[in-house]
Amino acid sequence: MKLRKLALATVAAAALALPGGMAEASKVKGEVTNFDFSFQGPFGSYDRNQLQRGLQVYHNACAACHGLQYVAFRTLSDPGGPELPPDQMRAFAEMYEVWDPDERDWRTAGPNDRFPDPEFEGAPDLSLMAKARAGFHGPHGLGINQLRKGIGGPEYIASYLVGYTGEEDFQAGSMFYYNKAYGDWVSMAPVLFEDMLDYADGTPATEEQMAKDVAAFLMWTAEPHLNSRKNAGLTGVIILGVLTVLLYLTNKQLWAPIKARAKADIKKRKD
Ligand code: HEC
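Residues numbered from 1 in each chain as written. Predicted model: local features only at pLDDT ≥ 70, side-chain atom pairs only at ≥ 80, totals over all residues. Heavy atoms only, no water.

Caption draft 1: Quick peek at the pattern of salt bridges. Scanning the entire structure with this criterion turns up 8 salt bridges. Residue R48 pairs with E83 through a salt bridge whose shortest N-O separation is 3.7 Å. Residue R48 is located in helix 3 (residues 48-62), and its partner E83 is located in the loop between helix 3 and helix 4 (86-93); the two are separated by 35 residues in the primary sequence. On the accessibility criterion, R48 (42% relative accessible area) is partly exposed. Note on E83: relative accessible area 30%, which makes it partly exposed. With a closest N to O distance of 2.8 Å, E223 and K131 form a salt bridge. Within this pair, whereas E223 is found in the loop between helix 8 (207-222) and helix 9 (226-270), its partner K131 is found in helix 5 (residues 129-132), the two being separated by 92 residues in sequence. On the accessibility criterion, E223 (15% relative accessible area) is buried. Take K131: its relative accessible area is 38%, and that puts it in the partly exposed class. Three or more residues joined by partner-sharing salt bridges are found here, namely R53, D201 and D213. (Salt bridge = Lys/Arg side-chain N within 4 Å of Asp/Glu carboxyl O. Helix = DSSP H or I, 4+ residues; strand = E, 2+ residues; numbered from the N terminus. Buried < 20%, exposed > 50% of the residue type's maximum accessible area, 1.4 Å probe, protein only.)

Encoded structure:
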């Protein structure tokens, strides 16, 4: 009975891990490109320069419409993130205005404020978008594949940004644009254009580069502690590995005299 349950569980787990398994049922019609990111895989981590470039793209191309309501400016200096030096982080915050409920007025943002919501109609908050679009939209399905290749959310965001086919449609007073990552018409116009900004680190600002950088940045906003979480996991695996070896040796030592006695007994009986 127990064995059957175990077998069933194994089959279910395998179905989840297979690319075309359970994930197929919930797949959307869009095409998502399997971009590579530095933070994929059990040992992956964020690339600080990429997060800084992504922040630059967000600031220049997205912040006018999309907020990041869960991200405080001071976290831009946290280890494992874009790691802006504190003075740069302060200067960055000061480029934004936030509503102060006590003063009942707008004021310049400081380190403890969060990215404001520009309240552009229909534009969702992007703080958790990389997680919200994970898995079901991604190219990898679920289970083990996600562990190896990432959750698919950043791939989806980058694909969305470069997914415009150029087809436009004017309907009921609004413009719609065909997006092949979404697999349908969307109300967001294309926003990335080659060389629209100069990267501080000299990386060429191609459309795809900017899309990947801002997608990586949005992965960080959704999962700011990925680096330390993976480090802790790795430390855990190493400690458990050492413990396993020690226990194995202890076990051997503990039973050694009894084994020796048993061997001697067998030998005596044979003789
Ligand atoms: C002019 C305003 C505007 C700008 C600028 C803009 N967006 Fe959007 N965005 C929208 C609107 C409106 C929607 C909702 C589109 C829809 O679902 O039809 C949207 C939707 C999205 C979605 C959700 C897609 C989904 O699966 O539902 C993502 C992701 C996104 N934007 C990312 C970005 C990023 C990243 C940038 C900057 C590189 C950006 N947007 C710049 C207006 C904007």
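Resuming the write-up.
Caption draft 2: Fine view of the packing of aromatic side chains. Within the structure shown, the criterion is met by 16 aromatic pairs. With centroids separated by 5.4 Å and ring planes inclined at 75°, the aromatic side chains of Y96 and F115 adopt a geometry described as edge-to-face. Taken together, the residues span a long stretch of sequence, with Y96 in the loop between helix 4 and strand 1 (97-100) and F115 in the loop between strand 2 (105-108) and helix 5 at a distance of 19 residues. Judged by relative accessible area, Y96 falls into the buried class, the value being 8%. Where Y160 meets Y182, the ring centres are 6.1 Å apart and the plane angle is 75°; that geometry is what we call edge-to-face. Remark: Y182 occurs in the loop between strand 4 (174-179) and strand 5 (184-186) and Y160 occurs in helix 7 (residues 153-161); sequence separation between them is 22 residues. Relative accessible area serves as the criterion here: at 15%, Y160 is assigned to the buried category. (Phe/Tyr/Trp six-rings, centres within 6.5 Å; stacked < 30°, edge-to-face > 60°.)

Caption draft 3: Region of the structure containing the coordination of the iron atom of the ligand. For the iron atom of the ligand, every protein donor is listed as H66 (NE2) and M188 (SD), and the spread of their distances is 2.0 to 2.1 Å. Geometry at the iron atom of the ligand is octahedral, judged from the 6 donor atoms that bind it and their angles of 87 to 178° at the metal. In this pair, H66 is assigned in the loop between helix 3 and helix 4 and M188 in the loop between strand 5 and helix 8, connecting sequence segments 122 residues apart. Judged by its relative accessible area of 22%, M188 falls in the partly exposed class. (Donors = N, O, S within 2.8 Å, 3.2 Å for Na, K, Ca; no water. Tetrahedral: all angles 85-135°; square planar, octahedral: opposite > 155°, others 65-115°.)

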